[in-house]
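Chain by chain, the residues:
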Amino acid sequence: MISSPVVVVGLGAMGSAACAHLARRGVPVIGIDRFSPPHDQGSSHGGSRVARRAYFEHPDYVPLLERAFRGWERLESETGLACLKRVGVLLMGGPDSEVLRASQESAKRHSIEVMALAPRQLATAYPQFGLPDGTCGLLEPDAGFVIPENGVEAHLRVARRHGAEFRLDTRVVAIEADDDGGVVRLEGESIDASRIVVTAGAWSNQLLPGIAERLHLAAQRKHIVWFRPRDATLCSDARMPAWVIDDGGACGDGLYYGVPTWSGQIGHDGVKIGFHGPGTPIDPDDHARTPDPLVVDRFRNDMERYLPGVLGDPVAAATCLYTMSPDQHFVIDLVPDARSVAFAAGFSGHGYKFAPVIGELLADLVLEGSSELPADFLRVGRFTES
Ligand SMILES: Cc1cc2nc3c(=O)[nH]c(=O)nc-3n(C[C@H](O)[C@H](O)[C@H](O)COP(=O)(O)OP(=O)(O)OC[C@H]3O[C@@H](n4cnc5c(N)ncnc54)[C@H](O)[C@@H]3O)c2cc1C
């Protein structure tokens, strides 16, 4: 039995979930964050995150997604906070779209309900989209989006209820650890830890000494823009699922996505639009937080094309951080030379919906040294072993 605490560094999506799982198991936990989560300085803000299980990124993620969806439901019933909204997710793309093909493949392999929509069916069911002739659809009705601020808050509440303690607005300056435990250094204070979990998002490079240089993680700044609906009926969550467009590169190398405002949403009204694509590396401690008006204009012009006459002016915009791994897959493991430390990083812009299962995985790794969850494909060895 562990007597000195497990310290969790970073209380965003993944760290808050790790705290909840550790505390539920009766382990003494201290969670530390440089800000006061849920906050808007990292990667877990903006009101919504698309949550699908027919996963084009790789079918091996699907069992983890199934468990994560159950985790969101459990969290909702434990806290009463809305976390997962099943408004459906609609993928759209040309007949050669790799996004649609790979999603269908994942759905087939794991028996996930999806509906393929031929171009005519797509145009009839979703007349708000103005897409090129031949565009097909793939609807996953049981998918939707998660609410990132609520997810963080709910995990922290569960952790607190089970005895976890938090140190907020407190920056960790260094971690020193070996296989048997470590020390977490704050400004002017240190905490001895039996085990340490590092979930520092875009700041992971600063806190994973000895391994960060082998992971090549890169922080990137992304924009999200909320548009006022011009035609509110076509933008309501009853008529518009969360969606992703694979336009074959017509609007740049990436995917536009959108999430309708959910009834009762705190914050901005309208449809939230983002673009999932390559970006320029930034320093998470020194970058422009103010949205770039040129990017907002680009979004507006592209939405005139894809949702013609449906959206009005942008009402708000924000920036948010991705942490890219070299292969755009997550990296979750024990630190090879300090096995009292588990970490999860490199979520590459698609990690949020997994948070409950990542918390469970981190708790397994740091307490047991291994996990029965099928996540070996995310281990660090793919970068550190030749
Ligand atoms: C615009 C955008 C759109 C996205 N869309 C989707 C989507 O549709 N679906 C999806 O599944 N995912 C999506 N993602 C990705 C998802 O949001 C991230 O993968 C996830 O939020 C990462 O969580 P995290 O816990 O790793 O990082 P964070 O939530 O940023 O948490 C890291 C925490 O560590 C703390 N910290 C850092 N350094 C220190 C330190 N030295 N001391 C103490 N605390 C520290 C930070 O303050 C922060 O709270 C999107 C991300 C962005 C930015």
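Whatever comes next refers back to the structure up there.
What counts, and where the lines are drawn
As a convention, each chain's residues are numbered from 1 in the sequence order in which they are written. Local features in this predicted model are restricted to residues whose pLDDT is 70 or higher, and side-chain atom pairs enter the listing and the counts only when it is 80 or higher, whereas totals over whole chains, interfaces and linings include all residues. Excluded from the side-chain calculations are hydrogens and water; all other atoms, namely the structure's heavy atoms, are used. Here a strand is any run of E in DSSP of at least two residues, a helix any run of H or I of at least four, and the numbering for each starts at the N terminus. Values of the radius of gyration come from C-alpha atoms, whereas the globule rule sets the reference at 2.2 Å times the count of residues to the power 0.38. Whether a residue is buried, partly exposed or exposed follows from its accessible area with a 1.4 Å probe, protein chains only, as a fraction of its type maximum: under 20%, in between, or over 50%, in that order. By the convention used here, residues are in contact when the closest approach between their heavy atoms is within 4.5 Å. Counting rule for charge: Lys and Arg are taken as positive, Asp and Glu as negative, and neither His nor the chain ends is counted. Charged side chains are reduced to one point each, which is NZ for Lys, CZ for Arg, CG for Asp and CD for Glu. When a carboxyl oxygen of Asp or Glu lies within 4 Å of a side-chain nitrogen of Lys or Arg, that pair is called a salt bridge. Put simply, a residue is near a molecule or strand once any heavy atom of it comes within 4 Å of that molecule or strand. Any N or O atom pair separated by 3.5 Å or less is treated as a polar contact, with the protein-specific requirement of one donor-capable and one acceptor-capable atom, and with residues adjacent in sequence counted only for side-chain atom pairs. To be clear on the numbers: accessible area is Shrake-Rupley with a 1.4 Å probe, and residue cover counts the displayed protein chains and nothing else. Throughout, the ten residues Ala, Val, Leu, Ile, Met, Phe, Trp, Tyr, Cys and Pro are labelled nonpolar, Asp, Glu, Lys and Arg are labelled charged, and all others, Gly among them, are labelled polar. Bear in mind that the domain bounds are from an automatic or database domain assignment.

Visitor: Requested: an account of the overall build of the chain, with residues and values cited.
Guide: Regarding its fold elements, the chain presents eleven helices and 20 strands. Computed over the C-alpha atoms, the radius of gyration of the chain is 21 Å, within 12% of the 21 Å expected from 2.2 N^0.38 for a compact globule of 386 residues. Every one of the 386 residues in the chain was classed for burial, and the buried ones make up 58%. Across the chain, contacts joining residues at least 24 apart in sequence account for 75% of those joining residues at least 6 apart. Across the chain, the mean location of the 37 positive side-chain charges is 4 Å away from that of the 50 negative side-chain charges.

Visitor: Explain the pattern of salt bridges to me, using residue names and the numbers behind them.
Guide: Close approach of charged atoms allows side chains with opposite charge to pair. By the definition in use, this model includes 23 salt bridges. Residue Arg109 is joined to Glu105 by a salt bridge in which the shortest nitrogen-to-oxygen separation is 3.3 Å. Note that Arg109 and Glu105 are positioned in helix α3 (residues 98-109) at a spacing of four residues, about one turn of the helix. Overall, Glu105 belongs to the partly exposed group, its relative accessible area being 34%. Residue Glu176 is joined to Arg185 by a salt bridge in which the shortest nitrogen-to-oxygen separation is 2.8 Å. Classification of Glu176 by relative accessible area gives partly exposed; the value is 39%. Arg185 sits in the partly exposed class, given a relative accessible area of 29%. Salt bridges sharing common partners tie together Arg53, Glu66, Glu73, Arg86, Glu140 and Asp142.

Visitor: Go over the site of the ligand, please, and point to the residues and values.
Guide: Taken together, 35 residues lie around the ligand, and Asp33, His39, Ser44, Cys320 and Lys353 are the ones closest in. For the ligand, an oxygen atom lies 3.2 Å from a polar atom in the backbone of Ala13. At 2.9 Å from a nitrogen atom of the ligand is found a main-chain nitrogen or oxygen belonging to Val172. Relative to its free-state accessible area of 1,000 Å², the ligand is covered by the protein chains to the extent of 97%. Contributing elements (two or more residues each) for the shell around the ligand: α1 (13-24), β3 (49-51), β14 (218-229) and β18 (311-324). Looking at the shell around the ligand, the element that brings in the most residues is β18, giving three residues. Its residues assigned to classes, the shell around the ligand shows 17 nonpolar, twelve polar and six charged. Counting contributing residues, the shell around the ligand receives three or more from each of domain 1 (6-46 + 149-216 + 327-384) and domain 2 (86-144 + 218-324).

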